[in-house]
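# Architecture and fold: a report
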Amino acid sequence: MPGSRFGKPRALTGTEIEDVIRRFAHTATIARDTGFTGVQIHGAHGYLISEFLSPDVNTRTDEWGGSLENRARLLLETVRAVRRAVGDDFPVSVKLNSADFQRGGFSHEDAVRVAAWLDAEKLDLLEVSGGTYEQPRLVGLDDMTLHPEKSEVRRESTIAREAYFLEYAKDIRAAVKMPLMVTGGFRTVEGMNAALASATMDVVGIARPMCVDPEIPSKLLSGAAKETPAYEKTLRLGPGLAWAA
């Protein structure tokens, strides 16, 4: 990654993996006990659970690697542990990549299968996103990649509309019954309503606009705003390309 500010990775031991699962469950109970009304397990964008799902990153040969069933074990065991910890009446969701968009990574076919397994766990909501920081499709950057030789092209029909991952969510929708959220690219009320009318998704996910205006959902719903300001295109933390928004 740019800047080389990440530690050198190593394989977790089985005991450490079990501790990670316990930590997710413990943190979920803290969220519940302090007044939050739901939790989400982040299984996308190249973070730890996403790394386990990816055959490109997860090269383990034990029960936590190899087959998709093994690579999804950390996610599924975490969902089960969180559910046991917070109870059946507390909402639990998962953010899952529709694909990593890297050859040899977590594929769209993998995502559909994992989504079906999550549906069997009676998840309250599945959020569909995509990409990693090596292949940052999550923020709409199709040309920026650290590994162009492994880059996969996102479907053109998806690029043409606001919702980056709606086309991929269609396949997941066909495989599950749980509510689906799609996040990535939504900016206009017209685009959001069109996506909802497609019956592919149940919830619109808005991320970057809410970072600078937490009231933007209310403004969109009330009619005070027709689209979200694209602050991410103008805000800067400092000079130079490395500090561009």
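Now for a quick tour of the structure.

Thresholds applied
- Residues numbered from 1 in each chain as written.
- Predicted model: local features only at pLDDT ≥ 70, side-chain atom pairs only at ≥ 80, totals over all residues.
- Heavy atoms only, no water.
- Helix = DSSP H or I, 4+ residues; strand = E, 2+ residues; numbered from the N terminus.
- Buried < 20%, exposed > 50% of the residue type's maximum accessible area, 1.4 Å probe, protein only.
- Polar contact = N/O pair within 3.5 Å; in protein donor to acceptor, adjacent residues only side chain to side chain.
- Pairing = 2+ DSSP bridges.
- Right-handed = clockwise from strand over helix to strand, strands pointing away.
- Axes fitted to C-alpha atoms, helices over the stretch in contact; angles between N-to-C directions.
- Left-handed = near helix turned anticlockwise from the far one by under 90°.
- Contact = heavy atoms within 4.5 Å.
- Nonpolar A, V, L, I, M, F, W, Y, C, P; charged D, E, K, R; others polar.

### Here's the deal with the overall build of the chain
Assigned secondary structure in the chain consists of 10 helices and five strands. Buried positions account for 44% of the 245 residues belonging to the chain.

### Digging into the side chain of Asn97
Mapping Asn97 onto the fold places it in strand E2 (residues 92-97). The exposure class of Asn97 is buried, given its relative accessible area of 0%. Of note is the side chain of Asn97, whose polar atom sits 3.3 Å from the backbone nitrogen of His45. Reaching out from Asn97, the side chain makes a polar contact with the backbone oxygen of Gly131 at a distance of 3.0 Å.

### Describing the pairing of strand E4 (residues 180-183)
Covered by surrounding structure in E4 are Leu180 and Val182 together with Met181 and Thr183, the residues of both alternating faces. As defined by bridge partners, strand E3 (residues 125-129) adjoins E4 across three bridges and the pair is classed as parallel. Paired with Leu126 across the strands is Leu180, a residue of E4. Direction of pairing for E4 relative to strand E5 (residues 203-205): parallel, over a ladder of three bridges. Looking across to E5, one finds that Val182 is bridged to Val204. Chirality of the crossover, the property in question, places the unit of E4, helix H8 (residues 189-197) and E5 among those that are right-handed.

### Description of the packing of helix H5 (residues 108-120) against helix H7 (residues 166-175)
Relative orientation of the contacting elements H5 and H7 amounts to 35°, with a least axis distance of 9 Å. Regarding H5 and H7, the two cross each other, and that crossing is right-handed. Across the interface between the two elements, His108, Val112, Ala115, Ala116 and Asp119 from H5 touch Tyr168, Asp171, Ile172 and Ala175 from H7. Considering only residue class, the contact of H5 with H7 consists of six nonpolar, one polar and two charged.

### Here's the deal with the environment of Leu126
Residue position: Leu126 is located in strand E3. Classification of Leu126 as buried rests on a relative accessible area of 0%. Here the alpha-carbon distance between Leu126 and Val182, two residues 56 residues apart in the chain, equals 8.5 Å. Look past the residues within four positions of Leu126 in its chain and what remains in contact with it is Val94, Leu96, Ala115, Leu118, Ile172, Met178, Pro179, Leu180 and Met181.

### Details of the side chain of Arg71
Turning to its location among the elements, Arg71 is positioned in helix H3 (residues 68-71). Within the structure, Arg71 has its side chain in polar contact with the backbone oxygen of Leu53 (distance 2.4 Å). Those residues in contact with Arg71, other than ones at most four positions away along the chain, are Phe52, Leu53, Ser54, Pro55, Asn58, Trp64, Gly65, Gly66 and Asp110.

### Looking at the environment of Glu127
Position of Glu127 among the secondary structure elements: in strand E3. Residue Glu127 is classed as buried on the basis of its relative accessible area of 5%. Those residues within four positions of Glu127 in sequence are excluded, and the remaining contacts are Gln40, Val94, Lys95, Leu96, Met181 and Thr183. At 2.7 Å, the side chain of Glu127 forms a polar contact with the side chain of Gln40.

### Some details on the sheet that holds E3
Overall, parallel pairing links the five strands, which are arranged E1-E2-E3-E4-E5 in an open sheet. Each edge of the open sheet carries a strand with a single partner, namely strand E1 (39-43) and E5. Going across the sheet, the axis of each strand differs from the next one's by a mean of 25°, ignoring polarity. Inspection of the sheet shows E2 paired to E3 by five bridges, in the parallel sense. Looking at E3, one finds that Asn97 is bridged to Ser129.

Purely geometric numbers; function is a separate question.
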